[in-house]
Amino acid sequence: MLRRAWNVLVISGLLTLPLAAAATDDAALLARAREIHKRIIAFDSHTDINLDYEGAAIDGKSQLDLPKVTRGGLKGAAIAIFAQQGPRTPEGFAKAKADAEKKYELIKAIAAQNPDKAALAYSPEDVRRIAAQGKFAVVMSILNAYPLEKDIKQIDFWYDRGVRILGFVHAGHNDWADSSRPNAGLGNKLNEHNGLSELGVAGVKRMNELGIVIDVSQLSSPAFKQELSLTKAPVAATHSGVKGIVDNTRNLSDEELEMLKKNGGVIQMVAFSNYVRPIPKEITEQQKALQAEFGVEGEGPAALNPARRKEYTDRNAAILAKVPRGTVAQFVDTIDYAVKKIGADHVGIASDFNHGGGVVGWDNEGEAVNVTVELLRRGYSEKDIGKLWGGDFLRVWAKAQSLATDKKAGKTSY
C-alpha cells in the first residue's frame with residue numbers, strides 16, 4: 001500500500017515538472033519581451049477609433065487607450081479616420097464627411113487632452129522623438145477615400161491636417177478604386193473600374209508627390225497590381241493577411257507578396273481572426289451549400305433583393321460564428337509565413353483594433369507584448385522583432401517622404 005502511494009506521488013511529480021518548467025519558461029520570455037519593448041519602437045500600423053470613444057485617458061472598453069498602450073509596451077500607432085462605405089449620393093457623402101470629421105477630432109484629442117503622455121507625429125523622426133520622450137506617438141491615417149468624393153484636392157486638404165497614410169477603399173468600390181470585398185448592399189459587381197479609376201491613378205501620383213504612405217490593404221487584386229505599377233515610392237499593406245494561410249479575397253497572394261518585396265514595401269500582418277486561422281472544411285462546405293441555395297456563387301449576393309440579401313448575410317454570419325477565434329500563435333503563424341516568403345525586412349504587425357481586430361492573447365493593446373513573447377518562443381532575434389514591430393514600416397514611411405517632390409512634404413510639425 002505504501003509502495004503504491006509512493007508510486008502515485010512520484011508519477012504526479014513527474015507530470016507536474018513539465019508544467020512547472022513551461023510556466024518558468026513563459027515567465028522568462030515575458031520578462032525578456034518587456035525588456036525588448038523598452039528598447040524598440042513598437043508601432044501598430046492600423047487601428048481604429050469608435051465614434052463613442054470614452055477618451056484616451058480612460059482604461060475602458062476601447063481596445064486602444066493610453067493605460068493599455070503603457071501596459072503593452074506600445075510606443076505609437078496609426079489611427080484611422082475611417083468612414084463606412086455608403087451610397088454615392090449627397091446624403092451619403094455628407095454622413096461620411098461628418099463621421100470623418102468626428103474621428104479626426106477624437107484622434108487629435110488623444111494628444112491635446114494628454115500632452116504629457118501623447119503627441120501627434122507627422123514623420124518617422126517625430127515618432128522616434130516622441131517615443132524617446134516617453135510619450136505615445138499618434139499618427140493619422142485615412143482608410144476609405146469615399147468621404148473625399150471625386151475631389152483630388154481633398155488629398156492635400158487632409159495632408160495639411162496631418163494625415164500621412166491613405167488607403168483608397170474598404171468594403172465596397174468607390175470613385176477611386178475597386179475593393180477586394182464588393183459591397184452587395186450597394187449593388188457592387190465584382191469589378192467597377194477593373195482596378196483604379198482615372199481619379200485613383202491621379203491620387204497615386206499626388207500621394208507620391210506629398211510623401212503620403214500609400215496603403216494597399218483592402219484593394220482588389222487588379223487595383224493592388226496597378227498601384228504597385230504606378231507608385232514611385234514603397235507602399236504598405238497596413239493591415240493584411242496572406243492567402244497561403246487563409247484563402248480570402250482580403251488577403252494577399254504569394255505573387256502579390258513578391259510584388260510588395262520588389263517595390264521595397266511592407267505587409268503589416270493583421271491580427272483579425274478570419275484572416276489568420278483557416279476555416280474548417282465543414283464550415284466552408286456549409287457556406288458553399290448556402291451560396292448554392294441562394295444562387296450567389298461567383299459575384300456574391302449583390303443581385304439579391306434586400307430581404308433575401310439580409311437573410312443570406314445573417315445565415316452566413318451564423319455559420320462563421322461557429323468557428324473559434326484565432327489565437328496569438330495562429331497570428332504569428334501568418335508572420336512566419338510572410339517572413340519565409342519575402343524576409344523580415346518586408347513584414348510588420350497591425351491589430352485593426354476597434355474594427356473587428358483581436359485574437360486570443362492579443363485582444364487589446366495592453367496585451368501587445370504577448371506577440372513578442374510568441375516571436376521569442378519561435379527564435380526571432382531582437383533585431384528582427386524590432387523590424388516587425390515598427391522598424392520596417394518606419395523605413396517605408398521615411399522613404400516615401402524622402403522621394404516626395406512637393407515642397408509641402410517637408411512640413412513635419414504643426
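Criteria and cut-off values
Residues numbered from 1 in each chain as written. Predicted model: local features only at pLDDT ≥ 70, side-chain atom pairs only at ≥ 80, totals over all residues. Heavy atoms only, no water. Helix = DSSP H or I, 4+ residues; strand = E, 2+ residues; numbered from the N terminus. Rg over C-alpha atoms; globule rule 2.2 N^0.38 Å. Buried < 20%, exposed > 50% of the residue type's maximum accessible area, 1.4 Å probe, protein only. Contact = heavy atoms within 4.5 Å. 1 Å grid on protein atoms, 1.4 Å probe; cavity = no way out; pocket = protein on both sides within 12 Å on 5 of 7 lines; lining within 4 Å. Points joined across faces, edges and corners; volume = space filled by probe spheres on them. Nonpolar A, V, L, I, M, F, W, Y, C, P; charged D, E, K, R; others polar. Phe/Tyr/Trp six-rings, centres within 6.5 Å; stacked < 30°, edge-to-face > 60°. Lys NZ or Arg CZ within 6 Å of the ring centre and 35° of its normal. Salt bridge = Lys/Arg side-chain N within 4 Å of Asp/Glu carboxyl O. Axes fitted to C-alpha atoms, helices over the stretch in contact; angles between N-to-C directions. Parallel < 35°, antiparallel > 145°, perpendicular 65-115°, else oblique. Polar contact = N/O pair within 3.5 Å; in protein donor to acceptor, adjacent residues only side chain to side chain. Core = buried A, V, L, I, M, F, W, Y, C linked by side-chain atoms within 4.5 Å.

How should the overall build of the protein chain be read in this particular structure?
In terms of regular secondary structure, the protein chain is built from 14 helices and nine strands. Rg of the C-alpha trace for the protein chain: 23 Å, near the compact-globule value of 22 Å for 414 residues, within the 12% margin. Out of the 414 residues belonging to the protein chain, those deemed buried represent 55%. Sequence-distant contacts, at least 24 apart, represent 73% of the contacts inside the protein chain between residues at least 6 apart.

Even after reading the chapter, I still don't get empty space enclosed by the protein, so can you show me in this structure?
Rolled over the atoms, a probe with the dimensions of a water molecule shows which regions are left empty. Per the counting criterion, the structure on display carries one cavity of 30 Å³ or more. The volume enclosed by the largest cavity comes to roughly 30 Å³. Lining the largest cavity are N50, D52, Y53, E54, K61 and S62. Each residue belonging to the lining of the largest cavity can be placed in one class, and the counts come to one nonpolar, two polar and three charged.

Explanation requested: the packing of aromatic side chains in the structure shown.
Each aromatic ring pair is described using two quantities: the centre-to-centre distance and the angle formed by the ring planes. Per the counting criterion, the structure on display carries eleven aromatic pairs. Between the aromatic rings of W362 and W389, the centroid separation amounts to 5.7 Å while the plane-to-plane angle is 80°, which identifies the pairing as edge-to-face. Of this pair, W362 sits in the loop between β9 (347–350) and α13 (369–377) while W389 sits in helix α14 (residues 382–402); the two residues are 27 residues apart in sequence, bridging distant segments of the chain. In this structure, R161 is placed above the aromatic ring of W158, and the distance from its NZ or CZ to the ring centre is 4.8 Å. Cation over ring: R164 sits above Y159, and NZ or CZ is 3.8 Å from the ring centre.

Where do I start with the layout of surface pockets in this structure?
When its volume is computed, the second largest pocket comes out at roughly 370 Å³. Lining the second largest pocket are 20 residues, with V69, T70, G73, L74 and K75 sitting closest to its centre. Those elements that provide at least two residues to the lining of the second largest pocket are α1 (2–39) and α2 (66–72). In terms of residues, the lining of the second largest pocket owes the most to one element, α2, which gives six residues.

What am I meant to see in the pattern of salt bridges here?
Pairs may arise between side chains of opposite charge once their charged atoms sit close together. Counting across every chain of the model gives 31 salt bridges. Between E255 and K225 there is a salt bridge, and its shortest N-O distance comes to 3.3 Å. You can see E255 sitting in helix α8 (residues 254–263) and its partner K225 sitting in helix α7 (residues 221–230), a full 30 residues away along the chain. Given the relative accessible area of 48%, E255 is considered partly exposed.

Would you mind going over the packing of helix α10 (residues 281–294) against helix α11 (residues 306–320) with me for this structure?
Helix packing for two helices is described by the angle between their axes and how far apart those axes are. Contact geometry of α10 with α11 gives a least axis separation of 10 Å together with a crossing angle of 170°. The orientation of α10 with respect to α11, classified from their angle, is roughly antiparallel. For the pair formed by α10 and α11, the contact residues are I283, Q286, Q287, L290, Q291, E293 and F294 on the first element and R308, E311, Y312, R315, N316, I319 and L320 on the second. By residue class, the composition of the contact of α10 with α11 is six nonpolar, four polar and four charged.

Any chance you could explain the side chain of H239 here in plain terms?
The topology assignment puts H239 in strand β7 (residues 236–240). At 2.8 Å, the side chain of H239 forms a polar contact with the side chain of T238. Apart from residues lying up to four places away in sequence, H239 is in contact with H46, L143, D215, S217, Q218, R250, Q268, V270, A350 and D352.

I keep staring at the nonpolar core and nothing clicks. Help me out?
The tendency in soluble globular proteins is for nonpolar side chains to be buried as a group. By size, the foremost hydrophobic cluster in this structure holds 85 residues, and its most contacted members are F168, I267, F331, I335, W362 and W389. The leading source of residues in this core is helix α12 (residues 328–342), at eight residues. I335 has contacts with M269, V347, I349, L375, Y380 and L388, leaving out every residue within four places of it along the chain. Membership of the second largest hydrophobic core comes to 20 residues, among which are F43, A119, W397 and A400.

Geometry only, nothing functional implied.
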